[in-house]
Amino acid sequence: MGSANKSSTGRKARIEEMRRAEQARERRNRILTIVASVVVVGGLVAGGVVLVRSQSDGGGSDTAASDSSAKGKFVTGADGVRTWEGELARNHVTKTVKYASQPPVGGDHNQAWMNCNGDVYTKEINNTNAVHSLEHGAVWVTYNAKAKKADVDALAAKVKKTPYTLMSPMDDQKDPIMLSAWGHQRTVTGADDPDVDKFFEKFVQGKQTPEPGAACTNGLAQ
């Protein structure tokens, strides 16, 4: 019990530290946005044409990506966690992405993230929005029709009390219950599988996070 409390306290402290860093980053971005706006207006007055491409949150593009935005393969470790070895693109796109895995663990994504502050969705969500949540350091719990209702209910209760997590059904995934983070994924046998807590502890705002401390609120919700 003491170890679990200590682990939870450490995770909360880490999340708070990342949130403070994100707030500072947002302040810097606002200043840069103001400066960029002045430059754009000045260019237009002079008769120039200025093309502004937003590259916040890992780079961006307003074009569609219809093919896989990941190059590499999964390698399964001794702990059962599958790690993506290769490149995971991080561009912002506006159309559907054909991901290399289902659920995806990274790649090009929509500029809007799914809320992941312990959010439980009862309907399938858009992969491109969920991947953006993974980029922010969230763990995504997914399940299909083969998952037991008791496990789904227990996992939902866990997600609801854990910041930087989200949960949703996914009918076409291979296994009944899967856990995904940016570049990492595993299958678990049920809500009482000890690997659930291990995965949460390691990957909720873990070292794999491309955008540590980025928001998991003020995004999309069903």
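Described in the following lines is the structure provided in the data block.

About the criteria used
Residues numbered from 1 in each chain as written. Predicted model: local features only at pLDDT ≥ 70, side-chain atom pairs only at ≥ 80, totals over all residues. Heavy atoms only, no water. Helix = DSSP H or I, 4+ residues; strand = E, 2+ residues; numbered from the N terminus. Buried < 20%, exposed > 50% of the residue type's maximum accessible area, 1.4 Å probe, protein only. Areas by Shrake-Rupley, 256 points an atom, 1.4 Å probe, with all protein chains shown as cover. Disulfide = S-S within 2.5 Å. Pairing = 2+ DSSP bridges. Axes fitted to C-alpha atoms, helices over the stretch in contact; angles between N-to-C directions. Parallel < 35°, antiparallel > 145°, perpendicular 65-115°, else oblique. Left-handed = near helix turned anticlockwise from the far one by under 90°. Contact = heavy atoms within 4.5 Å. Polar contact = N/O pair within 3.5 Å; in protein donor to acceptor, adjacent residues only side chain to side chain. Expected span 1.5 Å × (residues − 1). Arc of directions from axis to C-beta.

**Things to note about the overall build of the protein chain**
Helices and strands together make up the secondary structure of the protein chain, namely four helices and seven strands. The order of α-helices and β-strands along the protein chain, N terminus first, is α-β-β-β-α-β-α-β-β-β-α. Here the protein chain, with 222 residues, has 44% of them falling under the buried criterion. For the protein chain, the exposed surface amounts to about 12,100 Å²; the carbon and sulfur share of it is 54%.

**Concerning the state of the cysteines**
Defined simply, a disulfide is a covalent bond joining two cysteines at their sulfur atoms. The full count for this structure, using the stated rule, is one disulfide. The disulfide that involves Cys116 links it to Cys216, with 1.6 Å between the sulfurs. Residues Cys116 and Cys216 share a disulfide whose torsion about the S-S bond is about -90°; that sign makes it left-handed. Here Cys116, found in the loop between strand E2 (82–88) and strand E3 (117–120), pairs with Cys216, found in the segment after helix H4 (194–203); they are 100 residues apart in sequence, far enough to count as distant. For the residue pair Cys116 and Cys216, the accessibility class agrees, reading buried in each case.

**Things to note about the pairing of strand E7 (residues 184–187)**
Where E2 meets E7, two bridges bridge the pair, whose relative direction is antiparallel. Across the sheet, residue Thr83 finds its bridge partner in E7, namely His184. Connecting the antiparallel pair strand E6 (residues 177–181) and E7 is a turn made up of two residues, with Gly183 showing a positive phi of about 80°.

**Focus on the packing of helix H3 (residues 149–160) against H4**
Viewed as axis vectors pointing N to C, H3 and H4 meet at an angle of 25°, and their least axial separation amounts to 13 Å. Viewed along their axes, H3 and H4 adopt a mutual orientation that is roughly parallel. The hand of the H3/H4 crossing is right-handed. Side by side, H3 and H4 meet where Leu155, Lys158 and Val159 of the first sit next to Val196, Asp197 and Phe200 of the second.

**Examining the sheet that holds E6**
As summarised here, the arrangement of the seven strands in space is E1-E2-E7-E6-E4-E5-E3, forming an open sheet in which the pairing is mixed. With partners counted over all chains shown, the strands left at the sheet margins are strand E1 (70–76) and E3, one partner each. Averaged over all pairs of adjacent strands, the angle between strand axes in this sheet comes to 20°, irrespective of strand direction. Along the sheet face, helix H2 (residues 127–135) touches strand E4 (139–143), strand E5 (165–169) and E6 and points at about 140° away from the line of E4.

**Brief notes about the side chain of Gln173**
Position of Gln173 among the secondary structure elements: in the loop between E5 and E6. A polar atom in the side chain of Gln173 sits 3.3 Å from the backbone oxygen of Pro176. Once residues within four sequence positions are removed from consideration, Gln173 is found in contact with Gln102, Pro103, Thr142, Tyr143, Asn144 and Met178.

**Here's the deal with the environment of Thr162**
Within the secondary structure, Thr162 sits in the loop between H3 and E5. Overall, Thr162 belongs to the buried group, its relative accessible area being 5%. Engagement of the side chain of Thr162 in a polar contact is seen with the backbone oxygen of Lys158, the distance being 2.7 Å.

**What to know about unusual backbone geometry**
Of note, the amide linkage connecting Gln102 to Pro103 takes the cis form, showing an omega dihedral of 5°. Relative to the elements of secondary structure, Pro103 occurs in the loop between E2 and E3. In the Ramachandran plot, Gln205 falls in the positive-phi region, its phi being about 55° despite a non-glycine side chain. Tracing the chain through its elements places Gln205 in the segment after H4.

**Focus on H3**
Here H3 is 12 residues long and its end C-alpha atoms lie 16 Å apart, about the 16 Å a rise of 1.5 Å per residue gives. Restricting attention to buried positions, one finds in H3 the residues Asp151, Val152, Leu155, Ala156, Lys158 and Val159. All buried residues of H3 fall inside an arc of 160° around its axis, so they share one side. Across H3 from its buried face, at more than 90 degrees, point the exposed residues Lys149, Ala150 and Lys160. Among the structural elements, E3, E4, E5, E6 and H4 are those in contact with the buried residues of H3.

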